[in-house]
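Chain by chain, the residues:
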Amino acid sequence: DARVTQTPRDKVTEMGQEVTMRCQPILGHNTVFWYRQTMMQGLELLAYFRNRAPLDDSGMPKDRFSAEMPDATLATLKIQPSEPRDSAVYFCASGITGVGRTEAFFGQGTRLTVV
Amino acid sequence: GQQVMQIPQYQHVQEGEDFTTYCNSSTTLSNIQWYKQRPGGHPVFLIQLVKSGEVKKQKRLTFQFGEAKKNSSLHITATQTTDVGTYFCAANNFNKFYFGSGTKLNVKP
């Protein structure tokens, strides 16, 4: 049963620390998305890769956030330094785009708490 | 980015009652998708609508895409407690998915 895998599931860290979240997209999917979900802002698109190339990261605070895809099986989202306002659930999603139906398959999410 | 407005924010219904959530955009959409997120879970794809005026059904769920492709609705007939969750519409703009704020459905048994 193919699924998007995210690690860690939960992360508690102190303000100022670096946080790295990892995502293994579904094999064969050409598009990877990073979303952040909070009660106040809902689901926000942070970054988006297609065929490992970053196409749009305009939703991301550039000074502290970075997203990469070192290879087709791994996407990372890094926050350095972390701040309490970064506390949220971060979802990775993957899909096949450019061929009509383009649904996004979500991982279980990483619940980040910055204290 | 693409703006999609979704209403209502919350809906509490008695089991057996119907439920509808609406999604509106100021611009014409290429397509629209609907997702369901159970409490504590992750969004799960339900359906995609592409054609103007399209209506699709999944058991008790009916999805509509407006004639102008600027609005969409999800209607659940005779809700059940298993329908509890947040329903999101997502506008697809050049393969980026912009989610509405969601409608949180609570069903009282």
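Residue positions are given per chain, counted from 1 along the sequence in the order it is written. As a convention, the first chain written is A and the first ligand written is 1, with the rest following in written order. In keeping with the predicted nature of the model, local features appear solely for residues at pLDDT of at least 70, side-chain atom pairs appear and are counted solely at 80 or more, and the whole-chain, interface and lining totals rest on all residues. Working from all heavy atoms in the structure, the side-chain values ignore hydrogens and water.

J.: Is there a simple way to explain the sheet that holds strand 7 (residues 65-71) of chain A in this structure?
T.: Within a sheet, adjacent strands bond to each other through the backbone by hydrogen bonds, running parallel or antiparallel. All names here are of chain A. By this definition, two strands are paired if DSSP reports at least two bridges between them. Secondary structure follows DSSP: runs of H or I at least 4 residues long count as helices, runs of E at least 2 residues long count as strands, and numbering of each begins at the N terminus. If you trace the 4 strands from one edge of the open sheet to the other, you get 1-3-8-7, paired in antiparallel fashion. The two strands at the open ends of the sheet, each matched to only one other strand, are strand 1 (5-7) and strand 7. Across the sheet, the mean angle from the axis of one strand to that of its neighbour is 20 degrees, orientation sign disregarded. The pairing of strand 7 with strand 8 (residues 74-79) spans 5 bridges and is antiparallel. The residue bridging Asp71 from the neighbouring strand is Leu74, located in strand 8. All axes here are fitted lines through C-alpha atoms, helices being fitted over the stretch that makes contact, and every angle between N-to-C directions spans 0 to 180 degrees.

J.: Is there a simple way to explain the sheet that holds strand 3 (residues 19-25) of chain B in this structure?
T.: All names here are of chain B. With respect to topology, 5 strands assemble into an open sheet ordered 1-3-8-7-6, the strand pairing being antiparallel. Looking at strand neighbours, the two that pair on one side only are strand 1 (4-7) and strand 6 (55-58), the edges of this open sheet. Within the sheet, the average angular offset between the axes of one strand and its neighbour, ignoring direction, is 15 degrees. Two strands pair when backbone bridges link them, and strand 7 (residues 61-65) and strand 8 (residues 71-76) are joined in this way by 5 bridges, in the antiparallel orientation. Residue pairing across strands places Phe63 opposite Leu74, the latter belonging to strand 8.

J.: What am I meant to see in the side chain of Glu103 of chain A here?
T.: For Glu103 of chain A, the location among the structural elements is in the loop between strand 9 (88-95) and strand 10 (105-106). In contact with Glu103 of chain A, not counting residues within four places along its chain, are Ser94, Gly95 and Ile96 of chain A together with Gln33, Tyr35 and Phe45 of chain B. Contact between two residues is taken to exist if any of their heavy atoms lie within 4.5 Å; hydrogens are not considered.

J.: What is the right way to read the pairing of strand 1 of chain B from this model?
T.: Successive side chains on a regular strand alternate, one facing one side of the sheet and the next facing the other. Residue and element names in this part refer to chain B. Working definition: with a 1.4 Å probe on protein chains only, accessible area under 20% of the residue-type maximum means buried, over 50% means exposed, and in between means partly exposed. Here strand 1 shows a clear split, with Val4 and Gln6 buried on one side and none of Met5 and Ile7 buried on the other. In terms of strand pairing, strand 1 meets strand 3 through 4 bridges, oriented antiparallel. Across the sheet, Ile7 pairs through a bridge with Tyr22, a residue of strand 3.

J.: Can you help me understand the nonpolar core in this one?
T.: Nonpolar side chains in soluble globular proteins generally cluster together in the buried interior. Core analysis: the largest hydrophobic core is formed by 22 residues, its most contacted members being Trp34, Leu77 and Tyr90 of chain A. Counting residues per element, the ones that place at least two in this core are strand 3 (19-24), strand 4 (31-38), strand 5 (42-50), strand 7, strand 8, strand 9 and strand 11 (110-114) of chain A. Counting residues in each nonpolar core, the second largest holds 21 residues, with Val4, Phe65, Leu74 and Ala91 of chain B among its members. Nonpolar cores were defined as sets of buried Ala, Val, Leu, Ile, Met, Phe, Trp, Tyr and Cys residues, with membership established by side-chain atoms within 4.5 Å.

J.: Whenever I open this one, the interface of chain B and chain A confuses me. Can you help?
T.: Often, the extent of an interface is quoted as the loss of accessible area on bringing the components together. Taken residue by residue, the interface counts 16 residues in chain B and 19 residues in chain A. Buried area, as used here, totals the accessible surface that two parts lose on assembly, with accessibility defined by a 1.4 Å probe and the loss added over both. Across the chain B to chain A interface the summed buried area is about 1600 Å²; carbon plus sulfur atoms make up 56%. Within this document, salt bridges are pairs made up of a side-chain nitrogen of Lys or Arg and a carboxyl oxygen of Asp or Glu, the two lying within 4 Å of each other. At the surface where chain B touches chain A, the tally comes to 0 salt bridges. Residues adjacent in sequence count toward polar contacts only when both atoms are side-chain atoms; beyond that, a polar contact is any pair of N or O atoms within 3.5 Å, and within protein one must be able to donate a hydrogen and the other to accept it. Remark: the boundary between chain B and chain A carries 2 residue pairs in polar contact (both at pLDDT 80 or more). Of all the elements in the fold, those that place two or more residues in the side of chain B that touches chain A are strand 4 (31-37), strand 5 (44-49), strand 9 (85-93) and strand 10 (96-99) of chain B. With 4 residues, the single largest contributor to the side of chain B that touches chain A is strand 10 of chain B. Amino acid classes used here: Ala, Val, Leu, Ile, Met, Phe, Trp, Tyr, Cys and Pro are nonpolar; Asp, Glu, Lys and Arg are charged; the rest, including Gly, are polar. A breakdown of the residues in the side of chain B that touches chain A according to their chemical character gives 8 nonpolar, 7 polar and 1 charged.

J.: What am I meant to see in unusual backbone geometry here?
T.: Residues other than glycine predominantly adopt negative phi, and peptide bonds predominantly adopt the trans conformation. Between Gln80 of chain A and Pro81 of chain A the backbone carries a cis peptide bond, its omega angle lying at -10 degrees. Position of Pro81 of chain A relative to the elements: it lies in the loop between strand 8 and strand 9. Positive phi, normally seen in glycine, also occurs at Lys69 of chain B, with a value near 60 degrees. Note on placement: Lys69 of chain B falls in the loop between strand 7 and strand 8. Residue Lys69 of chain B is classed as buried on the basis of its relative accessible area of 19%.

J.: Teacher, can you tell me more about the state of the cysteines here?
T.: As used here, a disulfide is simply a covalent bond connecting the sulfur atoms of two cysteines. What counts as a disulfide here is a pair of cysteine sulfur atoms lying within 2.5 Å. The full count for this structure, using the stated rule, is 2 disulfides over all chains. With its sulfur 1.9 Å from that of its partner, Cys23 of chain A forms a disulfide with Cys92 of chain A. Measuring handedness by torsion sign, the sulfur bridge of Cys23 of chain A and Cys92 of chain A sits at about -60 degrees and is left-handed. A residue pair is termed long-range when its members are at least 10 positions apart, and Cys23 of chain A in strand 3 and Cys92 of chain A in strand 9 qualify at 69 residues. Like Cys92 of chain A, Cys23 of chain A is buried. Each disulfide pairs two cysteine sulfurs, and for Cys23 of chain B the partner residue is Cys89 of chain B, the sulfurs being separated by 2.0 Å. Every disulfide takes its handedness from the sign of the S-S torsion; for Cys23 of chain B and Cys89 of chain B that torsion is 65 degrees, giving right-handed. A residue pair is termed long-range when its members are at least 10 positions apart, and Cys23 of chain B in strand 3 and Cys89 of chain B in strand 9 qualify at 66 residues.

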